[in-house]
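Inside the fold
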Amino acid sequence: MEYINSLIYSLFENPAASQWVVIGLAAATGITLALAMSYLLSGLLSPAKAELKKIQSEGVGFEENAGFGQSLEHGLNKVPFIKSSFAGDSEAKRLLIHAGFHSESALKIYNALKLLLLLISAGICTVVLRLLPDLSLMWTVYLLALIVGVAYLLPGTILTYLADKRMQGLRKHFPDALDLLVVCCESGLGLMESFQRVSNELKVAHPVLSHELNLVCSKVRVGYSLQEALHEFSERTGLEDIRGLNSVIVQSLKLGTGIASTLRIYAEEYRDKRIQEAEEKAAKLAVKMVFPMIFCIWPAFFIVAVGPAILKVLSVWDVAF
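Once a new chain begins, its residue numbering starts again from 1 and follows that chain's sequence as written. It should be noted that, the model being predicted, local features are given only for residues of pLDDT at least 70 and side-chain atom pairs only at 80 or more, the latter also being counted only at that level, while totals for whole chains, interfaces and linings use all residues. Computation of side-chain values covers all heavy atoms of the structure but excludes hydrogens and water.

**Some details on the confidence of the model for the chain**
For any part of a model where pLDDT is low, the fine detail of the predicted coordinates should not be relied upon. When the pLDDT values of the chain are averaged, the result is 75; 71% of them are 70 or greater. Along the chain, pLDDT gives the predictor's confidence residue by residue, from 0 to 100. We call two residues in contact when some of their heavy atoms are within 4.5 Å. Below a pLDDT of 50 lies the segment residues 75–87, which in the model reaches 16 contacts outside its immediate sequence neighbourhood of four places, other chains included.

Here is the structure:
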């Protein structure tokens, strides 16, 4: 703390102004820490969550819909403070849902971690300034901006990575689920029974997709309409392919057409789409191979092919090495 005071006093010639800066930094740090701890504790030790666990443990038959009202896609929009306080909450909420964090407390914990990382970065900046006192003012500003910027962007980067990884897994396993869904519907099962059967069959191979399909069935059983459950299913996954399946199923139910034939047509179109994507990637491969060939293969080739000839020419001209 004494080092920070001396550093601030060295930047300001007026002692009164330096004192006010120190007080402001201390107040900002205290408020940030208080907000971070309040978000973290309210997210981890939520009274509503504890009450729901108590109700579930008593066995009142509330297991199906106990977590739906407190899920991130339902309960968060009902809190005016959270809706209007942070401009980036909608994007963070979307990424949290795509990453698989559906609890209402997920956003609070995420904001708490961001604030705590900012405080940790401030401590790291102090240690770095203490260890490197001979740095110029410009390099000091660059280094502090780098540390604070990394601490600010790190949670969002990690969350984006988790969301993309989960979405890639869903996209990879979705064709298997679609084929099983077509088989179940053509064998005489209803749509919801087919979803439940596919969910049970995919528990071992694709547990994430199995959980999402099971969640659709659970929401329909507790009173959600099929259209709402499928819409939330597409919003949770964030995949255009699942949004297309949602549209196809809803349109088929509204028009009264056979759901089995509709799903088979969609599966065939989706299979053609995957083949076209594979052909597109294969066509781009030749262009992508140009840069590795130029920078990695061609230099070695020229050394092996032209190197001996150059050495012989230089020996003829008596060039000394």
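**Structural notes on the packing of helix α7 (residues 105–131) against helix α8 (residues 137–186)**
Each pair of packed helices can be described by the angle between their axes along with the distance between the axes. Two numbers describe how α7 lies on α8: the axes approach to 9 Å, and their chain directions differ by 155 degrees. Here α7 is positioned roughly antiparallel relative to α8, judged by the angle of their axes. For α7 against α8, the interelement crossing comes out right-handed. Touching Tyr-110, Lys-114, Leu-117, Leu-118, Ser-121, Ile-124, Cys-125, Val-128 and Leu-129 of α7 are Thr-140, Leu-143, Leu-144, Ile-147, Val-148, Ala-151, Tyr-152, Pro-155, Gly-156 and Leu-159, all from α8. Each residue gets one label: Ala, Val, Leu, Ile, Met, Phe, Trp, Tyr, Cys and Pro are nonpolar, Asp, Glu, Lys and Arg are charged, and the others, such as Gly, are polar. A class-by-class count of the residues in the contact of α7 with α8 yields 15 nonpolar, 3 polar and 1 charged. Axes, fitted as lines to C-alpha atoms, cover a helix only where it is in contact. Angles between the N-to-C directions of the axes lie from 0 to 180 degrees. By the criteria applied, helices consist of DSSP H or I runs no shorter than four residues and strands consist of E runs no shorter than two, each listed in order from the N terminus. Comment on the angle field: the value is read as roughly parallel under 35 degrees, roughly antiparallel over 145, roughly perpendicular from 65 to 115, and oblique elsewhere. Each crossing gets its handedness from the near helix: less than a right angle anticlockwise from the far helix is left-handed, clockwise is right-handed.

**Some remarks on the nonpolar core**
Within this scheme, the nonpolar core is defined by two criteria: the residues are buried Ala, Val, Leu, Ile, Met, Phe, Trp, Tyr or Cys, and they are joined through side-chain atoms within 4.5 Å. Remark: exposure states derive from per-residue accessible area (1.4 Å probe, protein chains only) relative to the maximum for the residue type, with buried under 20%, exposed over 50%, and partly exposed in between. Ranked by size, the top nonpolar core spans 33 residues in total, and within it Phe-195, Leu-213, Ile-249 and Leu-263 carry the most contacts. Secondary-structure elements contributing two or more residues to this core are α8, α9 (191–201), α10 (207–221), α11 (226–237), α12 (240–255) and α13 (259–288). Ranked by residue count, the leading element in this core is α8, at 9 residues. Apart from residues lying up to four places away in sequence, Phe-195 is in contact with Leu-181, Leu-213, Cys-217, Leu-230 and Ile-249. The next biggest cluster of nonpolar side chains, apart from the first, holds 9 residues, and it includes Ala-92, Leu-96, Ala-106 and Tyr-110.

**Observations concerning α12**
Every α-helix winds through 3.6 residues per turn, so residues three or four apart in the chain are directed the same way. Any helix carries an expected span of 1.5 Å times its number of residues minus one. Helix length check: α12 (16 residues) gives 22 Å between terminal C-alpha atoms against 22 Å at 1.5 Å per residue, within 8%. Tucked inside the fold, the buried residues of α12 contact α8, α9, α11 and α13.

**A short note on the UniProt feature "transmembrane region" (unreviewed entry) in the chain**
UniProt positions are given in the numbering used here, feature names are shortened, and annotations may be inferred rather than shown by experiment. The positions that UniProt labels "transmembrane region" (unreviewed entry) are, in the present scheme, residues 20–45, 115–133, 139–163 and 290–311. As annotated, residues 115–133 has a helix share of 89% and a strand share of 0%, and its two end C-alpha atoms lie 27 Å apart. Segment residues 139–163 splits into 100% helix and 0% strand. End C-alpha atoms: 35 Å apart.

**Notes on the packing of aromatic side chains**
Only Phe, Tyr and Trp rings are paired, with Trp represented by its six-membered ring, and only when their centres lie within 6.5 Å; those with planes under 30 degrees apart are stacked, over 60 edge-to-face, the remainder tilted. Summed over the entire model, instances satisfying the criterion amount to 6 aromatic pairs. Taken together, a centroid distance of 6.1 Å and an interplanar angle of 85 degrees make the contact between Trp-139 and Tyr-142 edge-to-face. Residue Trp-139 and its partner Tyr-142 are located together in helix α8, separated by 3 residues, close to a single helical turn. Residue classification places Tyr-142 among the partly exposed positions, given a relative accessible area of 48%. When the centroid spacing of 5.8 Å and the interplanar angle of 35 degrees are considered together, the rings of Trp-298 and Phe-302 count as tilted. One end of the pair, Trp-298, and the other, Phe-302, are both in helix α14 (residues 290–316), 4 residues apart, so they sit about a helical turn from each other.

**What to know about the pattern of salt bridges**
Here, a salt bridge means any Lys or Arg side-chain nitrogen found within 4 Å of an Asp or Glu carboxyl oxygen. Summed over the entire model, instances satisfying the criterion amount to 8 salt bridges. For Arg-271, the salt bridge goes to Asp-179, with nearest N and O atoms at 3.1 Å. Taken together, the residues span a long stretch of sequence, with Arg-271 in helix α13 and Asp-179 in helix α8 at a distance of 92 residues. Its salt-bridge partner being Lys-219, residue Glu-232 comes within 2.4 Å of it at the nearest N-O pair. In this pair, Glu-232 sits in helix α11 while Lys-219 sits in helix α10, placing the two residues 13 residues apart along the sequence. Note on accessibility: Glu-232 and Lys-219 belong to one class, buried. Through salt bridges with shared partners, one network takes in Arg-166, Glu-212 and Arg-236.

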